[in-house]
Amino acid sequence: MGLAGAVGITSALGRPRPAGDLQGRDADLVVFNAKVYTVDSRGPKAEAFAVKAGHFAAVGTTEDMKTFIGKGTQTLDAKRMTVVPGFIDCHNHAPGNVLLYEVLVGNPYVVEFVTIASIVDKLRAKARETPAGTWVEGYFFDDTKVKDNRELNVHDLDQVSKDHPVAVHHRGGHTSFYNSKTLELAGVHKDTPNPPGGTFDRDASGELNGRVTDRARSVFNKVGERPAFTAEQKAQRNRNGLAYISKQFVRYGLTSVHHEGGDLSALQQVRTRGELLHRVSYEAAGAVLESMLAGGIMTGFGDERIRFGATSEHTADGSFSERTMGLSKPYPGIEPPYQGNITETQEDLNAWIERVHRAGIQVNCHANGDVAIDMVLTAFERAQRLFPRDDARPKITHCTLINDDLLRRIKAAGVVPAVFTSYAYYNADKFHFYGEELMKRSMAFRSFLDAGVPAAAGSDFSPGPFDPRMGIQGMVTRTGWNGQTWGANQRISVEEALRVNTINGAYNSHEEAVKGSITPGKLADFVVLADDPYTVDKDKIKDIEIVRTVVGGSTVYSYSA
């Protein structure tokens, strides 16, 4: 595509703000000699582009773009490397302070197996420096990434300490494991009934095994002592954590991330200090959401760096990776029959969605299983009948297990699913718990795209690694780290997977006019890759080196050997 084509694209966009005047040789940055995949159907491939005032100003051939090189223009000879739009993660818990300050008993980023002994040793070391009665906790546990090939249990954690409440939290976020001291402090014993939306799990003899799921965990919130921090210490930890994880995001090519809540004040301060390297769609919960509702603040308020997006996920059921999501039929091979945890009543869900929807805030609900997805759709369909809103784009986070009727309703309601991406590679060792028939309808990118539903990428970090390369490889191959392939009918192409991780992510937050493709007028967010995901061995996509990450025309990460 030559310069004339680039200008034509610019005119067709109706961009929200000008990209800058490029009459004369005054581009801020020109990237040339590249394999550019624009994710813009009007000109899907290019060789070069120019950036002005933080936006793509023109896209075309190397010869065309070199005419914009002036005295003050930075240039980048890509040497035929691949350039794609910046990756967008539409569901991330961004627990930077956990990564910095807590005991990590598993690897947050890649597949790595650990031993139960290593978990116990790490927690023992923490217990030795922690006063008796104060919590000792471990994070990023993954039950299928344990060399012992068995579940963690109460007896293991009793080896850590009998004087401290001890917990290990599954990276999936819906199950935790406790020692005997913790169960005793909470008054939980083998005859304690399961509360609605959760379970106290037991071994074959009926004794508590230490595993507790979903809402049953709330009983532990008020027992034991927590480390004491002043308000300023808490704020500093939050600032440090956000700055740290921002560096990790851009290292993996993420230029926009949807944050599930978090310290909004700390986020703004990190930005002021120049340490917020990525763009944030802030998904509010709790006091921040209540303030939005009270103050009339709607989705979209903010600027190009921090903007209020959908709500934080309002949870309707349990976890896919921890096998607690709500299913219409019992889990295969489990006795007594178990259908997962539904964590919200239909009445409460109806009321919450109506209240948020009426306020002009984009609804976002966590729903994994088909039962929970049905409940969320029922509640949104009701809200839309009561208070019709154009282009509301209700968001269903995960939206994992679908069927034909749910797919029809998802399309009709204009739902924007944020679907697990890295799970197909990272969590393939859990798919046998569901079986091939269910996996044919899970993480159903092929079904979504064929139906015209703009599914987006939602890593769900910390539950899943947030590496978009791992996500793209899994979406394309449906083959896990263990070589097993599940639900191959849901494979999509590299081109489609790139769209899921870029322009569909922008659409998910009503930002497709300003980001998500390399198009004149849009924000100059892009990633330089050492190899071409279209031509490399599909089982090696996750290994492609990220050479450079650029946000608004400024390099925020560059690889150095």
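Residues numbered from 1 in each chain as written. Predicted model: local features only at pLDDT ≥ 70, side-chain atom pairs only at ≥ 80, totals over all residues. Heavy atoms only, no water.

A. Structural view of the layout of surface pockets. The space that makes up the largest pocket amounts to roughly 1400 Å³. Around the largest pocket, the lining is made up of 47 residues, and of these Val98, Tyr139, His169, Gly173 and Arg217 lie nearest the centre. Tallied by class, the residues present in the lining of the largest pocket amount to 14 nonpolar, 20 polar and 13 charged. Its volume calculated, the second largest pocket comes out at about 870 Å³. Across the lining of the second largest pocket, the residue classes tally to 13 nonpolar, 13 polar and 8 charged. (1 Å grid on protein atoms, 1.4 Å probe; cavity = no way out; pocket = protein on both sides within 12 Å on 5 of 7 lines; lining within 4 Å. Points joined across faces, edges and corners; volume = space filled by probe spheres on them. Nonpolar A, V, L, I, M, F, W, Y, C, P; charged D, E, K, R; others polar.)

B. Structural detail: the nonpolar core. The biggest cluster of nonpolar side chains holds 98 residues, and the ones touching the most others in it are Phe320, Ile353, Ile373, Ile410 and Phe448. When residues of this core are assigned to their parent elements, the largest contribution, 8 residues, is made by helix 11 (residues 370-386). Judged by nonpolar contacts, the second largest core, of 18 residues, contains Ala34, Val59, Leu76 and Ile518. (Core = buried A, V, L, I, M, F, W, Y, C linked by side-chain atoms within 4.5 Å. Buried < 20%, exposed > 50% of the residue type's maximum accessible area, 1.4 Å probe, protein only. Helix = DSSP H or I, 4+ residues; strand = E, 2+ residues; numbered from the N terminus.)

C. Up close: helix 8 (residues 264-272). Buried within helix 8 we find Leu264, Ala266, Leu267 and Val270. Each buried residue of helix 8 lies within a common arc of 160° when the element is viewed along its axis, so the set occupies one face. Lining the buried residues of helix 8 we find helix 7 (231-251), strand 15 (254-260), strand 16 (279-284), helix 9 (286-295) and strand 17 (306-311). Where helix 8 begins, the capping side chain belongs to aspartate 263, and its oxygen is found 3.1 Å from the backbone nitrogen of serine 265. Positive phi shows up at glycine 274, right after helix 8, with a value of about 80°. (Arc of directions from axis to C-beta. Contact = heavy atoms within 4.5 Å. Polar contact = N/O pair within 3.5 Å; in protein donor to acceptor, adjacent residues only side chain to side chain.)

D. Spatial organisation of the packing of aromatic side chains. Counted according to the given criterion, the structure contains 25 aromatic pairs. Both rings, one in phenylalanine 140 and one in phenylalanine 461, keep their centres 5.6 Å apart while their planes meet at 40°; by these two values the pair is tilted. With phenylalanine 140 in strand 10 (residues 136-141) and phenylalanine 461 in the loop between strand 22 (456-457) and helix 16 (468-477), this pair connects stretches of sequence that are 321 residues apart. In this structure, phenylalanine 140 and phenylalanine 461 share a single accessibility class: buried. A centroid spacing of 6.5 Å and a plane angle of 90° characterise the contact between phenylalanine 431 and tryptophan 486, whose relative ring orientation is edge-to-face. Here the residue phenylalanine 431 occupies a position in the loop between helix 13 (423-426) and helix 14 (436-439), and tryptophan 486 occupies one in the loop between helix 16 and helix 17 (494-500), the gap between them amounting to 55 residues. For phenylalanine 431, a relative accessible area of 1% puts it in the buried group. The rings of Phe320, Tyr331, Tyr338, Phe420, Tyr423, Phe431, Tyr434 and Trp486 are connected pair by pair, giving a single aromatic cluster. Above the plane of the ring of phenylalanine 32 lies lysine 66, whose end atom (NZ or CZ) is 4.6 Å from the centre. Across the ring face of tyrosine 507, the terminal group of arginine 393 is positioned such that the distance to the ring centre comes to 3.6 Å. (Phe/Tyr/Trp six-rings, centres within 6.5 Å; stacked < 30°, edge-to-face > 60°. Lys NZ or Arg CZ within 6 Å of the ring centre and 35° of its normal.)

E. Broad picture of empty space enclosed by the protein. Within the structure shown, the criterion is met by 5 cavities of 30 Å³ or more. Val84, Phe87, Arg469, Ile472, Val494, Leu498, Leu529, Pro533, Ile541 and Ile544 are the residues that line the largest cavity. Those elements that provide at least two residues to the lining of the largest cavity are helix 16 and helix 17. Considering only residue class, the lining of the largest cavity consists of 9 nonpolar, no polar and 1 charged.

F. Spatial organisation of the environment of valine 551. Mapped onto the elements, valine 551 comes out in strand 24 (residues 546-551). What makes valine 551 buried here is its relative accessible area of 2%. Those residues in contact with valine 551 that lie beyond four places of it in its chain are Thr255, Leu277, Arg279, Arg305, Ala524, Asp525 and Val556.

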